[in-house]
Amino acid sequence: MSSRFAPRSTPTRTTVRGGETATPHPRPHQPTTGKTRTWPPPYPLNLGLTLGPLRRGPADPTFRVTPDGSAWRASRTPEGPGTLRVAQRGDTVEAEAWGPGATWLLDQLPQLLGESDAPEDFTPRHRLLAATAHRRPGLRLIRTGLVLESLIPSILEQKVTTDEAYRAWRLLVRKYGEPAPGQAPAQLRLHVMPDPRTWTLIPSWEWHKAGVDNKRASTILRAARVAARLEEAAAMAPPQAQARLELIPGIGPWTSAETIQRSNGAPDAVTVGDLHLPGIIGYALAGDRTANDEAMLALLEPYAGQRHRAARLILLSGRTPPRRKPGMPKFDIAKL
């Protein structure tokens, strides 16, 4: 492959958005009092690439990567709060979990790490995609089976910069969530996001202090009030799952796609309505940095059924149009 498609040595905003999280070289970990599971994935697996989309910024209170190569995440499962530690040791994945949701998290481990994904269904038709797929054979699309934990941060990311959205998520989860179960997670300051009822009880001034406008806050409140119905979407086919989410005013195709990419492992869920993605894909595949949603979908048509995977590979390739103007300005409503 041509060297012009070689990956960059340092992460860019685009590769971060593509879901790449650096994981240190694994070192021995001393198990504590949690429940454990060992699972040998029957396919190449890159833990950082696979779990990367779950991380909402470097200070995400629900996600941590530790120097021993472990990825930690705190979740609110159907059985209650739980903490999961995952590490890759050679060809084996070691997992440990704590809390009422521990058994559920361990049972879901293969799905979380892409067991239901089918990358063999993807046929690259562009040199850039072929090169990126070849260099990243361990990329698997996750399936968390949990809707609200991806839906709420996606709503927070509507129409604002990623830094603003990450800050809002961090502040709200730390203040209204609860410490993750387990002694080690407490030392890491991991938090489980608030339960649906707690989201509905957050005062308006706290949304304001977190920089969340009334439109996004109201959307989250509407979603939290029907949380049980929305969680059912995790067991639906992706188109039906998106339709279920979009019944909520304030949730459109952008937000529903960003959610089910994580909760349902949807390989064809394209994020439309994005400020930057059409130009990135247009530039990467056709040299057209001015591409709109219609042009982007036309370029991705050869990958029907796997369009989300194609978009992720493009984001991970680092091939982005040169910047010609400042990015979206930040506007902190908490200062008003």
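The coordinates are above.
What counts as what
- Residues numbered from 1 in each chain as written.
- Predicted model: local features only at pLDDT ≥ 70, side-chain atom pairs only at ≥ 80, totals over all residues.
- Heavy atoms only, no water.
- Pairing = 2+ DSSP bridges.
- Helix = DSSP H or I, 4+ residues; strand = E, 2+ residues; numbered from the N terminus.
- Axes fitted to C-alpha atoms, helices over the stretch in contact; angles between N-to-C directions.
- Parallel < 35°, antiparallel > 145°, perpendicular 65-115°, else oblique.
- Left-handed = near helix turned anticlockwise from the far one by under 90°.
- Contact = heavy atoms within 4.5 Å.
- Nonpolar A, V, L, I, M, F, W, Y, C, P; charged D, E, K, R; others polar.
- Salt bridge = Lys/Arg side-chain N within 4 Å of Asp/Glu carboxyl O.
- Buried < 20%, exposed > 50% of the residue type's maximum accessible area, 1.4 Å probe, protein only.
- Core = buried A, V, L, I, M, F, W, Y, C linked by side-chain atoms within 4.5 Å.

**Side note on the sheet that holds strand β1 (residues 35-39)**
Logical step 1: Here we have five strands laid out as an open sheet, ordered β1-β5-β4-β3-β2, and antiparallel in their pairing. Every interior strand has two partners, whereas the edge strands, β1 and β2 (63-65), have only one. Going from strand to strand, the sheet's axes swing by 20 degrees on average, the running direction of each strand aside.
Logical step 2: Here strand β4 (residues 80-89) runs beside strand β5 (residues 92-98); their pairing, made up of seven bridges, is antiparallel.

**Concerning the environment of Ser204**
Logical step 1: Here Ser204 lies in helix α10 (residues 204-209).
Logical step 2: Along the backbone, Ser204 and Ser218 are 14 residues apart, and their C-alpha atoms lie at a distance of 9.7 Å.

**Quick notes on the packing of helix α13 (residues 238-245) against helix α14 (residues 253-263)**
For any two helices packed against each other, the geometry comes down to the angle between their axes and how far apart the axes lie.
Logical step 1: One way to put it is that α13 packs onto α14 with a least axis distance of 9 Å and a crossing angle of 130 degrees. Relative to α14, the element α13 is oriented oblique. Crossing geometry of α13 relative to α14 is assigned as right-handed. Contacts between α13 and α14 involve Pro238, Ala241, Gln242 and Leu245 from the first element and Pro253, Ser256, Ala257, Thr259 and Ile260 from the second.
Logical step 2: Grouping the constituent residues of the contact of α13 with α14 by class yields six nonpolar, three polar and no charged.

**Thoughts on the pattern of salt bridges**
Logical step 1: Inspection of every chain in the model, using the stated rule, returns 13 salt bridges.
Logical step 2: A salt bridge links Lys209 to Glu206; the nearest nitrogen and oxygen atoms lie 3.7 Å apart. Of this pair, Lys209 and Glu206 both sit in helix α10, three residues apart, which is roughly one turn of that helix.
Logical step 3: For Glu206, a relative accessible area of 11% puts it in the buried group.
Logical step 4: Glu232 is the partner of Arg244 in a salt bridge, and the nearest nitrogen-oxygen pair spans 3.1 Å. Taken together, the positions of Arg244 in helix α13 and Glu232 in the loop between α12 (227-231) and α13 put the pair twelve residues apart, joining distant regions of the chain.
Logical step 5: The structure contains a network of salt bridges with shared partners spanning Lys175, Glu206 and Lys209.

**Some points on the nonpolar core**
Logical step 1: In terms of nonpolar packing, the biggest core is built from 33 residues, with Leu151, Trp199, Trp207, Val212 and Leu230 touching the most fellow members.
Logical step 2: For this core, the secondary-structure elements that each account for two or more residues are α6 (148-156), α7 (162-176), α11 (214-225), α12, α13 and α14.
Logical step 3: Look past the residues within four positions of Leu230 in its chain and what remains in contact with it is Val147, Leu148, Leu151, Ala223, Arg244, Leu245 and Ile248.
Logical step 4: Formed by 22 residues, the second largest nonpolar core is a distinct cluster that contains Leu45, Leu47, Leu84 and Ala102.

**Some points on unusual backbone geometry**
Logical step 1: Within the chain, Lys159 stands out as a residue other than glycine whose phi angle is a positive 60 degrees.
Logical step 2: Assignment of secondary structure puts Lys159 in the loop between α6 and α7.
Logical step 3: Judged by its relative accessible area of 76%, Lys159 falls in the exposed class.
Logical step 4: With phi around 60 degrees, Arg189 is a residue other than glycine that occupies positive phi space.
Logical step 5: If you trace the backbone, Arg189 turns up in the loop between α8 (183-187) and β7 (191-192).

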